[in-house]
Amino acid sequence: MIMEKGLSSVEVLPSESSQVTAVKVVVKEPETKQTQRGKRVGFVLVHAGAGYHSESKAREYKHVCKRACQKAIEKLQAGALATDAVTAALIELEDSPFTNAGLGSNLNLLGEIECDASIMDGKSLNFGAVGALSGIKNPVSVANRLLCEGQKGKLSAGRIPPCFLVGEGAYRWAVDHGIPACPPGIMATRFSLAAFKRNKRKLELAEKVETDLIHLKRRRQSNEKGSRVMCSACGRTPKANGGGKGGDQIELYSPENDSGTLDTVGAVVVDQEGNVAAAVSSGGLALKHPGRVGQAALYGCGCWAENTGAHTPYSTAVSTSGCGEHLVRTILARECSCALQTEDAHQALLETMQNKFIGSPFLANEDGVLGGVIVLRSCRCSAEPESSQEKPTLLVEFLWSHTTESMCVGYMSAQDGKAKTHISRLPPGAVAGQSVAIEGGVCRLESPES
């Protein structure tokens, strides 16, 4: 992999809205070894979620991203499909107790784990997804199996094969297709159980505060002037504004609550032939309603992959993370992919995050819009002008962007000895949900010598 020159400092970019701060940090990387004879090339970019990543767990987040990259590259070097490589990366991320996907996912209101996952193949444009799935250790493996089965054509009697299954039906389909079941007790970890108990206490306290607020309003409506009602839950006088900004709202999804509430995981891959694939997996929001399905399972919202074609000069792959409801209502994965067909990938992603996400009219009533994306785009190009060789080269641009406090990513090419990892954070003074951070780089993948 040959890294293009980038910026070694932080550049603050102007935006249309004074509330949005866009930060671009592109790290200059040294050139790596030339492609070995007969060795396959490819590139993978993964993320361990857009949310809040504490310094105390930074090492674990980076380590799992590094392992995920290595798993994907091993598949690519063995000649596997891009979809198999991206699935291998996701399985590694799902198996980590530090991520909110698969093992150790957030628990819902009933203390159960229900997972969402999806995958898309840029070559065939096929898609596979599961929602609110319980009892399966690696939901992405079911999504990938749905994609593969769908490519085989119609079922008996001309039935259309499913591409998206939920709940008990998804579980039964997975078991019927040889994917082993996993006892519920194994899925929950001590981290997820501790977070569940902590969040339940916060929820009970919040409900108590809201009840006191209702009683206060009723008394005021009855003209009981001068009375001061003390909140039995927290011992303070409730605000009459309903607990909005500056009130007594109790937040489950705050930096102080480091429980992985928004840490959806994902990966994007491009193989030697230029085929792209993307995948995403999530345990969903903490204390979500049973049966809730987030963006990780929904077409165009959680991931997108599309090879170059008559109307798409670039192959693109996208994987999203963050608040599922925000990502669903903006169809962010598809929006990013479409935007990346313009010449300037960085500017296109910046404008999409600003205008189609933070500034989206569909989220006009939201105080803060929380999410993040990883994207790559690739195209075939000729060798460097000063080179006498005419080996075909795959140009890969990769970026990540987020409006959350932080986002953990890792990336690696098949020509690298090891993966690189990074936790991107909003700059000091930037407000999560109203600011955008963008980072990334460019690399050239030279086809191996025959």
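Conventions and cut-offs
- Residues numbered from 1 in each chain as written.
- Predicted model: local features only at pLDDT ≥ 70, side-chain atom pairs only at ≥ 80, totals over all residues.
- Heavy atoms only, no water.
- Helix = DSSP H or I, 4+ residues; strand = E, 2+ residues; numbered from the N terminus.
- Contact = heavy atoms within 4.5 Å.
- Core = buried A, V, L, I, M, F, W, Y, C linked by side-chain atoms within 4.5 Å.
- Buried < 20%, exposed > 50% of the residue type's maximum accessible area, 1.4 Å probe, protein only.
- Pairing = 2+ DSSP bridges.
- Axes fitted to C-alpha atoms, helices over the stretch in contact; angles between N-to-C directions.
- Polar contact = N/O pair within 3.5 Å; in protein donor to acceptor, adjacent residues only side chain to side chain.
- Parallel < 35°, antiparallel > 145°, perpendicular 65-115°, else oblique.
- Left-handed = near helix turned anticlockwise from the far one by under 90°.
- Nonpolar A, V, L, I, M, F, W, Y, C, P; charged D, E, K, R; others polar.
- Expected span 1.5 Å × (residues − 1).
- Lys, Arg positive; Asp, Glu negative; His and termini not counted.
- Salt bridge = Lys/Arg side-chain N within 4 Å of Asp/Glu carboxyl O.
- Phe/Tyr/Trp six-rings, centres within 6.5 Å; stacked < 30°, edge-to-face > 60°.
- Disulfide = S-S within 2.5 Å.

(A) Summary view of the overall build of the protein. Along the protein, the regular secondary structure elements total nine helices and 16 strands. When contacts within the protein are restricted to residue pairs at least 6 apart in sequence, long-range pairs at least 24 apart make up 73% of them.

(B) View of the nonpolar core. Of all hydrophobic cores here, the largest spans 47 residues; its most connected members are Phe43, Leu45, Val373, Val375, Leu376, Val396 and Phe398. The element best represented in this core is helix H9 (residues 345-358), accounting for six residues. Core analysis: the next-biggest nonpolar cluster, separate from the first, contains 44 residues, Val46, Ala85, Ala174 and Cys408 among them.

(C) Inspection of unusual backbone geometry at higher detail. In this structure, alanine 132 takes a positive phi of about 50 degrees despite not being glycine. Structurally, the position occupied by alanine 132 is in strand S6 (residues 127-133). By relative accessible area, which is 8% here, alanine 132 ends up buried.

(D) Examining the sheet that holds strand S14 (residues 406-413) more closely. Taken in spatial order, the eight strands of this open sheet run S7-S6-S5-S9-S8-S4-S14-S15, and their pairing is mixed. Only two strands of the sheet have a single neighbouring strand rather than two, namely strand S7 (164-166) and strand S15 (420-425). Looking at each pair of strands side by side, their axes are set apart by 10 degrees on average, direction ignored. Sheet analysis places strand S8 (residues 265-270) next to strand S9 (residues 276-282), joined by six bridges and oriented antiparallel. Paired with valine 270 across the bridge in S9 is valine 276. Sitting on the sheet, helix H1 (residues 58-77) touches strand S4 (43-51), S8, S14 and S15, and the angle it makes with S14 is about 30 degrees. Contacting S4, strand S5 (115-121), S8 and S9, helix H2 (residues 82-94) runs over the sheet at an angle of about 155 degrees to S8.

(E) Looking closely at the side chain of serine 315. With respect to the helices and strands, serine 315 occurs in strand S11 (residues 315-322). A distance of 2.8 Å separates the side chain of serine 315 from the backbone nitrogen of threonine 308, its partner in a polar contact. With near-sequence residues (within four places) excluded, serine 315 lies in contact with Gly274, Val276, Glu306, Asn307, Thr308, Leu376, Arg377 and Ser378.

(F) Geometry of the environment of leucine 298. By the element assignment, leucine 298 lies in the loop between S9 and strand S10 (303-306). On the basis of relative accessibility, which here comes to 24%, the residue leucine 298 falls in the partly exposed class. Expressed as a C-alpha distance, the spacing of leucine 298 and glycine 324, which sit 26 residues apart in the sequence, is 9.7 Å.

(G) Local environment of the packing of H2 against helix H3 (residues 139-150). At a minimum axis separation of 8 Å, H2 and H3 run at an interaxial angle of 160 degrees. The angle between H2 and H3 places the two elements in the roughly antiparallel class. In terms of crossing hand, the pair formed by H2 and H3 is right-handed. Contact residues: H2 offers Thr83, Asp84, Thr87, Leu90, Ile91 and Glu94, while H3 offers Pro139, Val140 and Asn144. Among the residues forming the contact of H2 with H3, the class breakdown is four nonpolar, three polar and two charged.

(H) Molecular detail of helix H6 (residues 190-221). Its 32 residues give H6 an end-to-end C-alpha distance of 47 Å, which sits within 8% of 46 Å, the value for a rise of 1.5 Å per residue. Within H6 the residues assigned to the buried category are Ser192, Ala195, Phe196, Asn199, Ala206, Val209, Asp212, Leu213 and Leu216.

(I) Highlighting the side chain of glutamate 306. Within the secondary structure layout, glutamate 306 lies in strand S10. Although glutamate 306 is buried, it makes no salt bridge; arginine 334 carries the closest opposite charge, 4.9 Å away. A polar atom in the side chain of glutamate 306 sits 3.1 Å from the side chain of tryptophan 304.

(J) Local environment of the packing of H1 against H2. Closest axis-to-axis distance for the H1/H2 pair is 8 Å, and the angle between their directions is 155 degrees. Between H1 and H2, the crossing angle belongs to the class labelled roughly antiparallel. As for how H1 packs across H2, the hand of that crossing is right-handed. Residue-level inspection shows Val64, Cys65, Arg67, Ala68, Lys71, Ala72, Lys75 and Leu76 of H1 in contact with H2, the latter providing Asp84, Ala85, Ala88, Ala89, Glu92 and Leu93.

(K) Quick look at the pattern of salt bridges. For the structure shown, the criterion picks out 10 salt bridges. Put simply, lysine 356 and glutamate 335 hold a salt bridge, and the shortest N to O gap is 3.2 Å. Of this pair, lysine 356 sits in helix H9 while glutamate 335 is found in helix H8 (residues 332-339), placing the two residues 21 residues apart along the sequence. Linked through salt bridges whose partners overlap, the residues forming this network are Arg145, Glu149 and Lys152.

(L) Structural view of the packing of aromatic side chains. Going through the model one piece at a time under the given rule, you end up with eight aromatic pairs. Look at phenylalanine 43 and tyrosine 411: their rings are 6.5 Å apart centre to centre, the planes differ by 35 degrees, and that puts the pair in the tilted class. Of this pair, phenylalanine 43 sits in strand S4 while tyrosine 411 sits in strand S14; the two residues are 368 residues apart in sequence, bridging distant segments of the chain. Side by side, phenylalanine 43 and tyrosine 411 carry an identical accessibility label, which is buried.

(M) Spotlight on H9. An ideal rise of 1.5 Å per residue puts 20 Å on 14 residues; H9 measures up with 18 Å between its terminal C-alpha atoms. By the criterion of burial, H9 is predominantly enclosed, with 10 of the 14 residues buried. Within the sequence span of H9, burial applies to Ala345, His346, Ala348, Leu349, Leu350, Thr352, Met353, Gln354, Phe357 and Ile358. With a side-chain oxygen lying 3.2 Å from the backbone nitrogen of histidine 346, the N-terminal cap of H9 falls on aspartate 344.

(N) Region of interest: the state of the cysteines. Applying the stated criterion across every chain, the model contains zero disulfides. Counting only cysteine sulfurs, cysteine 182 is the nearest neighbor of cysteine 115, a cysteine outside any disulfide, at a range of 10.0 Å.

(O) Looking closely at the environment of alanine 78. Inspection of the secondary structure assignment puts alanine 78 in the loop between H1 and H2. With relative accessibility at 67%, the residue alanine 78 sits in the exposed group. Residues alanine 78 and arginine 40, 38 residues apart in the sequence, show an inter-C-alpha distance of 7.9 Å.

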